[in-house]
Amino acid sequence: MFIDNTVSMSKWMFAEILAFVLGIAFVVYSNFNPGLFALIAGAVCFAVFVLLLYICPSYFYFNDEISGKDMIEIRSTQAFPFFRKYRQHGILKKTIQSYKITESFFGLQKMLSITIKGVDPQTKKSVEKTIDSLNISILKKQKIEELEKTLQKYVRH
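Okay, so let's go over this structure. (Residues numbered from 1 in each chain as written. Predicted model: local features only at pLDDT ≥ 70, side-chain atom pairs only at ≥ 80, totals over all residues. Heavy atoms only, no water.)

Remarks on the overall build of the chain
To keep it simple, the criterion reads: By the criteria applied, helices consist of DSSP H or I runs no shorter than four residues and strands consist of E runs no shorter than two, each listed in order from the N terminus. Based on C-alpha atoms, the radius of gyration is set beside the globule rule, defined as 2.2 Å times the residue count to the power 0.38. We call a residue buried when its accessible area falls under 20% of the maximum for its residue type, exposed when it is over 50%, and partly exposed in between, using a 1.4 Å probe and counting protein chains only. Where accessible areas are quoted, they stem from the Shrake-Rupley method and a 1.4 Å probe; at the residue level, only the protein chains shown are allowed to cover. For this count, His and the chain ends are skipped, Lys and Arg are scored as positive, and Asp and Glu as negative. In this description, the location of a charge corresponds to atom NZ of lysine, CZ of arginine, CG of aspartate or CD of glutamate.
When you go through the chain residue by residue, the secondary structure sums to 3 helices and 7 strands. Sequence-ordered secondary structure for the chain, helices as α and strands as β, is β-α-α-β-β-β-β-β-β-α. For 157 residues, the compact-globule estimate of 2.2 N^0.38 gives 15 Å, and the chain exceeds it by more than 25% at 20 Å. Its C-alpha atoms put the chain at 70 × 35 × 30 Å along the principal axes. For the chain, the proportion of its 157 residues judged to be buried stands at 37%. When the accessible area of the chain is evaluated, it comes to approximately 9900 Å², of which 63% is carbon and sulfur surface. Here the chain contributes 20 positively and 13 negatively charged side chains, and the mean placements of these two sets differ by 3 Å.

Okay, here's the thing in structure tokens:
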């Protein structure tokens, strides 16, 4: 399975920038032409901008079809123009213990956590590691269901 939401992330990033710029434009316009409409429109644009920042849409890349390898590649980057937090993980398919998708903020924010189990190369002991906070909020419902089915296929019982 292959997921790459570059196009939808670009749209969300454009919406963030547009909401911020329109909010500033309406507030500046309301200073020159006193009126309630421009001030309210500016406040609504800023509220939308803050909502988009809270949801924190992210670029999400998932590929388990890497030829010749028994790995899953996951990349995640925040859509916010600053402080992007680039993250990339290569996970062996046989090490996945569990996964969990949590929803918050009335179902608008969805996060994926994957627990993997392996051997620490330094201590040679079994270790569990959780990869938290992979934001999948802007994936379509169908893609999230496909992602769940794919991850369920690799979970060790």
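Topic: the pattern of salt bridges
Two side chains of opposite charge can pair, provided their charged atoms sit close to one another. Definition in use: Between Lys or Arg on one side and Asp or Glu on the other, a salt bridge is scored when a side-chain nitrogen of the former is within 4 Å of a carboxyl oxygen of the latter.
For the coordinates displayed, the defined rule picks out 1 salt bridge. A salt bridge links arginine 75 to glutamate 73; the nearest nitrogen and oxygen atoms lie 2.9 Å apart. Accessibility expressed as a relative area gives 28% for arginine 75, which makes it partly exposed. Taking relative accessible area as the criterion, glutamate 73 reaches 17% and is therefore assigned buried.

With respect to the sheet that holds strand S3 (residues 71-78)
In a beta sheet, neighbouring strands are held together by backbone hydrogen bonds and run either parallel or antiparallel to one another. Counted only if it meets this: When DSSP finds two or more bridges between two strands, those strands count as paired. Working convention: axes come from line fits to C-alpha atoms, limited for helices to the stretch in contact. Angles between N-to-C directions cover 0 to 180 degrees.
Across the sheet, 4 strands lie side by side as S1-S2-S3-S4; this open sheet has antiparallel pairing. Here the strands that pair on one side only, and so sit at the sheet edges, are strand S1 (2-4) and strand S4 (87-92). Along the sheet, successive strands turn relative to each other by an average axial angle of 15 degrees, direction set aside. With 6 bridges joining them, S3 and S4 adopt antiparallel strand pairing. Residue pairing across strands places glutamate 73 opposite glycine 90, the latter belonging to S4.

Observations regarding the sheet that holds strand S6 (residues 109-119)
Let me state the cut-off plainly: Contacts are residue-level and defined by heavy atoms, with any inter-residue pair within 4.5 Å sufficient.
What the 3 strands build is an open sheet, ordered S5-S6-S7; its pairing is antiparallel. The open sheet has two free edges, formed respectively by strand S5 (96-104) and strand S7 (126-135), since each of these has just one partner strand. Across the sheet, the mean angle separating the axes of adjacent strands is 15 degrees when strand polarity is ignored. With 8 bridges joining them, S5 and S6 adopt antiparallel strand pairing. In the sheet register, lysine 100 faces S6, and the bridge partner there is serine 113. Along the sheet, helix H3 (residues 141-154) contacts S5 and S6; its crossing angle with S5, the most-contacted strand, is approximately 155 degrees.

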